[in-house]
There are 2 protein chains.
Amino acid sequence: MALHTGDPLYLALASELRSAMEEGRLAPGARLPSIRETATMRRLSMNTVLAAYRLLETRGLVEAKPHSGYFVKAQLPITEGRPLRQAGRARETELAVLDQITAVITAQALPGTVDLSLACPRLGPWYPGEKLGRITSRLLQQRPELITTYSLPPGPPLVRDQIARHAQTLGMKLDPDRVVLTNGCLEALQIALRGVTRPGDTVGIESPTYFSLLPLLAELGLKARELPTHPETGLVLGTLEALLCEKRLAAVIAMPNIHNPMGSIMPLAAKKRLAALVNLHKVPLIEDAIYAELQFRAPLEPAVRAFDADGWVIVCSSFSKTLAPGFRLGWLEGGRFHRELAQIKFASSVAQPALLAEAVGVFLESGGYEAHLRHLRRAYAIQMDRLRGLVADHLPAGTRATSPAGGYLLWVELPEGCSAQGLFQKALAEMITVTPGNLFSPSGRYDRYLRLSACYSLEGPFTRALSTLGRLAREQLASARG
Amino acid sequence: MALHTGDPLYLALASELRSAMEEGRLAPGARLPSIRETATMRRLSMNTVLAAYRLLETRGLVEAKPHSGYFVKAQLPITEGRPLRQAGRARETELAVLDQITAVITAQALPGTVDLSLACPRLGPWYPGEKLGRITSRLLQQRPELITTYSLPPGPPLVRDQIARHAQTLGMKLDPDRVVLTNGCLEALQIALRGVTRPGDTVGIESPTYFSLLPLLAELGLKARELPTHPETGLVLGTLEALLCEKRLAAVIAMPNIHNPMGSIMPLAAKKRLAALVNLHKVPLIEDAIYAELQFRAPLEPAVRAFDADGWVIVCSSFSKTLAPGFRLGWLEGGRFHRELAQIKFASSVAQPALLAEAVGVFLESGGYEAHLRHLRRAYAIQMDRLRGLVADHLPAGTRATSPAGGYLLWVELPEGCSAQGLFQKALAEMITVTPGNLFSPSGRYDRYLRLSACYSLEGPFTRALSTLGRLAREQLASARG
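All residue numbers here refer to positions counted from 1 along the written sequence of the relevant chain. Whichever chain is written first is A, and whichever ligand is written first is 1; the rest continue in order. Note on the predicted model: pLDDT of at least 70 is required for a residue's local features to be given, and 80 or more for side-chain atom pairs to be given and counted; whole-chain, interface and lining totals, by contrast, use all residues. Note: side-chain values were computed over all heavy atoms of the structure, leaving out hydrogens and water.

**Concerning the pattern of salt bridges**
Argument step 1. We define a salt bridge as a contact between a side-chain nitrogen of Lys or Arg and a carboxyl oxygen of Asp or Glu at a distance within 4 Å. For the structure on display, the rule yields 50 salt bridges over all chains.
Argument step 2. A salt bridge links E219 of chain A to R194 of chain B, with the shortest nitrogen-to-oxygen separation between them at 2.5 Å. Note that E219 of chain A is positioned in helix α9 (residues 213–219) and R194 of chain B in helix α8 (residues 184–196), a pairing that runs across two chains.
Argument step 3. Its salt-bridge partner being R134 of chain B, residue E130 of chain B comes within 3.7 Å of it at the nearest N-O pair. With E130 of chain B and R134 of chain B both in helix α5 (residues 129–142) and four residues apart, this pair spans about one turn of that helix.
Argument step 4. Relative accessible area serves as the criterion here: at 64%, E130 of chain B is assigned to the exposed category.
Argument step 5. When salt bridges that share partners are traced, they join R18, E22, R59 and D385 of chain A into one network. By the criteria applied, helices consist of DSSP H or I runs no shorter than four residues and strands consist of E runs no shorter than two, each listed in order from the N terminus. Three exposure classes are used, based on accessible area relative to the maximum for each residue type with a 1.4 Å probe and protein chains only: buried under 20%, partly exposed in between, and exposed over 50%.

Now the structure itself:
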């Protein structure tokens with residue numbers, strides 16, 4: 001979890017115990033030393049130790065048994081890396097995947113369903129709605145021209161300036177004059193793709209990847225080439241390098257910091273090598289950094305763009321996950337492709353609403369963003385532990401999951417014999433939606449995987465729905481074995 | 001001009017006199033009957049007649065000479081229709097046009113320039129900024145979730161409902177469930193094009209046309225086929241019909257009501273025939289209705305979509321010209337293409353900010369929109385007369401212009417010997433920007449045309465800039481003749 005200099009003592013203690021559990025030094029079922037013992041041994045107050053134990057309990061890592069103390073709960077095993085066998089390029093599979101994405105999205109929008117997996121924050125109180133509302137109302141009063149005159153590119157200088165300034169926390173030096181505001185991160189990715197490819201080109205994508213890329217690539221007439229990943233370290237570079245040498249890719253699109261759905265971070269050396277590779281081969285890398293600021297550990301690991309020598313890395317991001325999910329304010333900085341990308345945005349949807357862009361600019365300038373992010377990261381870190389705990393409690397034995405380094409998405413691997421697609425259908429009949437793993441690659445692999453999301457309240461309906469999902473999975477296993 | 005049942009008497013009188021001038025019954029230089037004579041003859045009060053004469057004066061149609069009365073001013077001759085000779089498909093010309101569009105847009109954004117031609121309203125007080133601001137602030141207070149939770153498709157039901165309801169004023173029966181909210185009209189056009197064409201296809205466009213279509217078509221890998229138009233009646237259908245019969249078009253894109261840049265309206269019979277043609281040949285028509293509500297005459301002429309039998313007409317529009325230029329809230333209703341278009345929007349930029357969409361919905365529901373539009377139409381009608389008067393006063397003799405039926409764009413035809421491109425460069429050196437006619441077609445024709453815009457204050461700087469433009473045009477003519 002996040003450990004900041006100056007963190008209270010109880011957080012430091014909780015973090016240390018959590019590491020001990022992860023590394024197996026505190027095994028499932030083990031009893032934690034009593035509060036008094038720990039306090040004496042570590043020269044801490046009993047209250048501090050109690051706070052640490054309670055946090056571990058909130059996170060679902062330990063459970064309190066009356067009159068007996070705190071016990072380590074069963075850990076959810078971590079998903080391992082597997083080799084990526086290239087599938088035949090079955091166009092039918094690809095079309096089926098595209099159709100299924102629509103089916104899932106449609107189902108998730110049905111009123112009355114409990115969704116367990118969409119990446120759209122619904123934890124309103126965790127976002128600074130009140131402050132943003134006040135800023136926006138003040139702008140409406142003081143500057144009615146933000147409504148009554150045209151929103152034109154490049155948009156308010158303040159927000160572009162603040163975006164560039166804030167990008168330094170990810171090691172990026174951006175030019176505010178090259179920041180193009182977009183309708184969320186997806187429009188940024190879309191414009192970047194349109195700017196650096198032509199129909200018929202092949203684009204390297206991570207496998208698994210953010211599923212909305214697949215209909216986008218298909219609709220732009222682009223072919224997707226799956227690149228292997230590791231659940232903890234993200235994109236694996238060997239295959240990519242070979243493809244670049246053979247000049248088979250027109251562009252690469254990747255999420256080096258907090259991958260969707262895996263929550264992985266590429267190691268620093270791999271990031272540097274990736275930046276060097278795309279510069280050497282002069283193939284643009286579209287870096288999707290939408291979750292990069294939600295890394296659990298501080299200081300933040302840098303973006304690949306931080307190591308870009310000649311402007312071959314286009315960085316795309318948004319405030320939809322971090323600050324104002326309702327504003328749809330995204331951005332890109334196009335490096336050497338700036339001119340083309342700014343032109344495409346203009347000829348594609350002109351500009352973003354100036355009111356909302358200015359409001360975000362004022363918020364960022366006020367200095368409250370860093371503090372908000374610190375709270376949000378910590379809250380999602382706790383939430384993620386709790387979700388992993390719920391998965392361990394409710395899904396069948398043999399289930400594994402990633403151990404995300406940030407964000408709120410969990411990539412769950414079901415035991416042999418389960419089919420996520422089948423489970424999706426069965427869950428839907430009970431008004432529960434999940435996102436089956438086969439949506440995350442054009443070849444439809446990952447049918448034993450599910451994506452779950454911790455950006456919802458995990459109480460009541462969520463937990464009940466997860467428990468139902470567990471029952472359905474066990475039924476599936478039983479009938480597969482029967 | 002707009003004549004509504006219940007209009008005050010002075011408006012009716014002014015309108016009648018304006019028609020007499022247009023039809024030549026009141027020639028330039030003629031003296032209007034004295035106020036007393038007219039009052040007696042028509043049994044009106046002297047004040048009513050005075051108000052009508054003053055309105056004609058404000059509109060630049062008559063001038064008052066001290067102690068002599070009111071005299072009809074010189075009329076700006078109306079641009080005539082010309083046959084469209086198909087140019088060779090010179091790819092170089094097309095690229096030059098695309099480059100020049102960028103140059104013009106860049107120049108127009110330079111601080112300190114006086115722009116005479118952009119279609120972006122800068123008449124803030126004419127738009128209901130205060131009421132929209134109040135509505136938005138109230139929503140921010142009462143429904144903070146509009147900021148803190150995700151904006152997802154299809155967007156607030158209220159605004160989609162109101163859009164469908166209001167579309168009836170243009171004779172359209174739209175399904176609120178098929179209204180897709182977009183980032184302005186341009187994203188609507190973009191999504192429609194992407195949904196019904198594939199790279200390499202040919203799209204029929206009006207000649208001249210809205211110039212932002214050209215980079216959009218080019219970037220999507222689409223070929224543009226110019227279709228002939230008439231400055232007063234818009235798209236001419238003969239060529240289109242032949243091309244449809246030969247199956248040479250994948251789609252047609254047109255502005256049947258208030259064309260940009262001509263301000264024309266297609267006659268009712270032509271609209272019906274156009275709807276029948278695209279239904280017969282099963283070729284989608286993308287109807288750009290962005291200015292349709294700014295028709296000067298009431299009741300409004302219907303959209304082509306009103307006569308669409310089988311859903312082959314996709315209608316695209318926006319509130320950027322009519323209500324909230326800063327909100328970038330556009331929409332489309334895709335008829336039989338609804339499903340594909342909604343999917344493309346989702347995979348392209350997800351959704352529009354719910355806060356702004358909801359605010360527009362509340363405004364429309366409040367019933368103030370019709371009254372606002374009535375004022376806006378009348379204001380732009382007056383503004384257009386004034387702009388035509390200024391053009392007659394300041395541009396060289398021999399200049400003609402369209403007589404727009406709505407909107408605020410004027411298509412000006414310069415005398416033989418002028419070049420709009422040359423004039424653009426010369427004006428730019430004096431910090432004035434205009435939009436040269438060659439931008440309005442991929443073949444770069446219309447180099448003797450300029451687009452001007454009446455959505456600015458026409459006082460001081462605008463008039464001075466137009467006067468400078470006139471001087472530059474006269475210099476150009478002199479050097480062409482010398």
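**Looking at the interface of chain B and chain A**
Argument step 1. For this analysis, residues touch if any pair of their heavy atoms sits within 4.5 Å. Between chain B and chain A, the contact holds 54 residues from the first and 54 residues from the second.
Argument step 2. Inspection of the region where chain B meets chain A yields two salt bridges.
Argument step 3. Two N or O atoms form a polar contact when they lie within 3.5 Å of each other; inside protein one atom must be a possible hydrogen donor and the other a possible acceptor, and for residues adjacent in sequence the pair counts only when both atoms belong to side chains. Viewed at the interface, chain A and chain B are joined by 25 residue pairs in polar contact (both at pLDDT 80 or more).
Argument step 4. Mapped onto the side of chain B that touches chain A, the elements with two or more residues apiece are α4 (91–108), α5, α6 (145–148), α8, α9 (213–219), α12 (338–349) and α13 (354–365) of chain B.

**A look at the environment of D161 of chain A**
Argument step 1. Checked against the element boundaries, D161 of chain A lands in helix α7 (residues 157–166).
Argument step 2. The spatial distance from the C-alpha of D161 of chain A to the C-alpha of R85 of chain A is 44 Å, given a sequence separation of 76 residues.

**Some points on α12 of chain B**
Residue and element names in this part refer to chain B.
Argument step 1. Between its first and last C-alpha atoms α12 spans 16 Å; for twelve residues at 1.5 Å apiece the expected length is 16 Å, and the two agree.
Argument step 2. Inspection of α12 places H338, L341, I344, K345, F346, A347, S348 and S349 among the buried residues, and these make up the whole buried set.
Argument step 3. In the segment just after α12, V350 is the residue with positive phi, at about 65 degrees. Every helix has an expected span of 1.5 Å times one less than the residues it contains.

**Let's talk about the pairing of strand β14 (residues 409–413) of chain B**
Consecutive residues of a regular strand have side chains that alternate between opposite faces of the sheet.
Residues and elements named next belong to chain B.
Argument step 1. Taking burial as the measure, the five residues of β14 include five buried ones, the bulk of the element.
Argument step 2. Neither face of β14 is left uncovered, since the one carrying L409, W411 and E413 and the one carrying L410 and V412 both have all their residues buried.
Argument step 3. Bridge count between strand β13 (residues 400–401) and β14: two bridges; the pairing is antiparallel. Pairing of A401 across the sheet is with V412, part of β14.
Argument step 4. When DSSP finds two or more bridges between a pair of strands, those strands are recorded as paired. Across five bridges, β14 lies against strand β17 (residues 449–453) in antiparallel orientation. Bridge pairing links V412 to L450 in β17.

**Notes on the domain arrangement of chain A**
All names here are of chain A.
Argument step 1. Split into domains, chain A comes out as domain 1 (9–72), domain 2 (91–124 + 371–481) and domain 3 (128–368).
Argument step 2. Each domain's extent is set by a domain assignment, obtained either automatically or from a database. For domain 1 and domain 2, the distance between their C-alpha centres works out to 29 Å.
Argument step 3. Contact with domain 1, which involves eight residues of that partner, is made by seven residues of domain 2.
Argument step 4. The term buried area denotes the loss of accessible surface (1.4 Å probe radius) that occurs when two parts are joined, taken as the sum for both partners. Note on domain 1 versus domain 2: buried area summed over both sides is about 580 Å², and carbon and sulfur give 51% of it.
Argument step 5. Our enumeration of links across domain 1 and domain 2 arrives at two salt bridges.
Argument step 6. Taken together, the links from domain 1 to domain 2 amount to four residue pairs in polar contact (both at pLDDT 80 or more).
Argument step 7. Mapped onto the side of domain 1 that touches domain 2, the elements with two or more residues apiece are α1 (9–22) and α3 (46–58).

**A word on the side chain of D308 of chain A**
Residue and element names in this part refer to chain A.
Argument step 1. Tracing the chain through its elements places D308 in the loop between β10 (285–288) and β11 (313–318).
Argument step 2. Residues scored as positive are Lys and Arg, those scored as negative are Asp and Glu, and His as well as the terminal groups of each chain are ignored. R305 provides the closest opposite charge to the buried, salt-bridge-free D308, at an N-O distance of 4.1 Å.
Argument step 3. A polar atom in the side chain of D308 sits 3.1 Å from the backbone nitrogen of W312.
Argument step 4. The contacts of D308, once residues within four sequence positions are left out, are A275, N279 and V313.

**Focus: the packing of helix α14 (residues 368–394) of chain B against helix α16 (residues 460–481) of chain B**
Residue and element names in this part refer to chain B.
Argument step 1. In contact at an axis separation of 9 Å, α14 and α16 are set at 40 degrees when each is read in the N-to-C sense. In terms of orientation, α14 and α16 fall into the oblique class. Like other packed secondary-structure pairs, α14 and α16 cross with a definite hand, here right-handed. Facing α14, whose interface residues are L387, L390, V391 and H394, α16 presents F462, T463, L466, S467, G470 and R474.
Argument step 2. Any residue that is not Ala, Val, Leu, Ile, Met, Phe, Trp, Tyr, Cys, Pro, Asp, Glu, Lys or Arg is counted as polar, Gly included; the first ten are nonpolar and the last four charged. Split into classes, the residues belonging to the contact of α14 with α16 amount to five nonpolar, four polar and one charged. Axis definition: a line fitted to C-alpha atoms, over the contacting stretch in the case of helices. Angles run 0 to 180 degrees between N-to-C directions. Roughly parallel refers to an angle under 35 degrees, roughly antiparallel to one over 145, roughly perpendicular to one between 65 and 115, and oblique to any angle outside these ranges. Note: crossing handedness is left-handed where the near helix turns anticlockwise from the far helix by less than a right angle, and right-handed where it turns clockwise.

**Some remarks on the sheet that holds β17 of chain B**
Argument step 1. Taking strand neighbours across the sheet as the criterion, the four strands line up as β13-β14-β17-β16 (chain B) in an open arrangement whose pairing is antiparallel. Here the strands that pair on one side only, and so sit at the sheet edges, are β13 and β16 (435–436) of chain B.

**Thoughts on the relation of the copies chain B and chain A**
Argument step 1. Between chain B and chain A, the superposition needs a rotation of 180 degrees and an axial shift of 0.0 Å, giving an RMSD of 0.1 Å. Viewed as a symmetry operation, the transformation between the two copies matches a two-fold axis. Measuring from the rotation axis to each C-alpha of chain B, the shortest distance belongs to S137 of chain B, at 2.6 Å.
Argument step 2. Of all interface residues in chain B, 100% are interface residues in chain A too; the two copies therefore contact each other through one and the same surface. Least-squares superposition of the copies uses the C-alpha atoms of those residues scoring a pLDDT of at least 70 in each of them.

**Focus on the sheet that holds β10 of chain A**
All names here are of chain A.
Argument step 1. Taken in spatial order, the seven strands make up an open sheet running β4-β12-β11-β10-β9-β5-β6, and their pairing is mixed. Taken across any chain shown, the strands that pair with only one partner, and hence form the sheet edges, are β4 (179–183) and β6 (223–227). Here the average twist between neighbouring strands, direction ignored, is 25 degrees.
Argument step 2. Sheet topology places strand β9 (residues 251–254) next to β10; three bridges connect them, and they run parallel. Residue V252 lies in a different strand from β10, and its bridge partner there is L285.
Argument step 3. The strands touched by helix α8 (residues 184–196) are β4, β5 (202–206), β9, β10, β11 and β12 (329–333); relative to β11, the strand with the most contacts, the crossing angle is about 160 degrees.
Argument step 4. Across the face of the sheet, helix α12 (residues 338–349) comes into contact with β4, β11 and β12 while running at roughly 35 degrees to β4.

**With respect to the packing of aromatic side chains**
Residue and element names in this part refer to chain A.
Argument step 1. Stacked, edge-to-face and tilted labels apply to pairs of Phe, Tyr and Trp rings (six-membered ring for Trp) whose centres lie within 6.5 Å, assigned for plane angles under 30 degrees, over 60, and everything in between, in that order. Tallying each qualifying case throughout the model produces 26 aromatic pairs over all chains.
Argument step 2. Relative to F440, the ring of W411 lies with its centre 5.1 Å away and its plane at 65 degrees, an arrangement referred to as edge-to-face. Of the two residues, W411 is situated in strand β14 (residues 409–413) and F440 in the loop between β16 (435–436) and β17 (449–453); the sequence distance between them amounts to 29 residues.
Argument step 3. Arranged with centres 5.7 Å apart and planes meeting at 65 degrees, the rings of W411 and Y446 form a pair that is edge-to-face. In this pair, W411 is assigned in strand β14 and Y446 in the loop between β16 and β17, connecting sequence segments 35 residues apart.
Argument step 4. Residue class for W411 comes out buried when judged on its relative accessible area of 2%.

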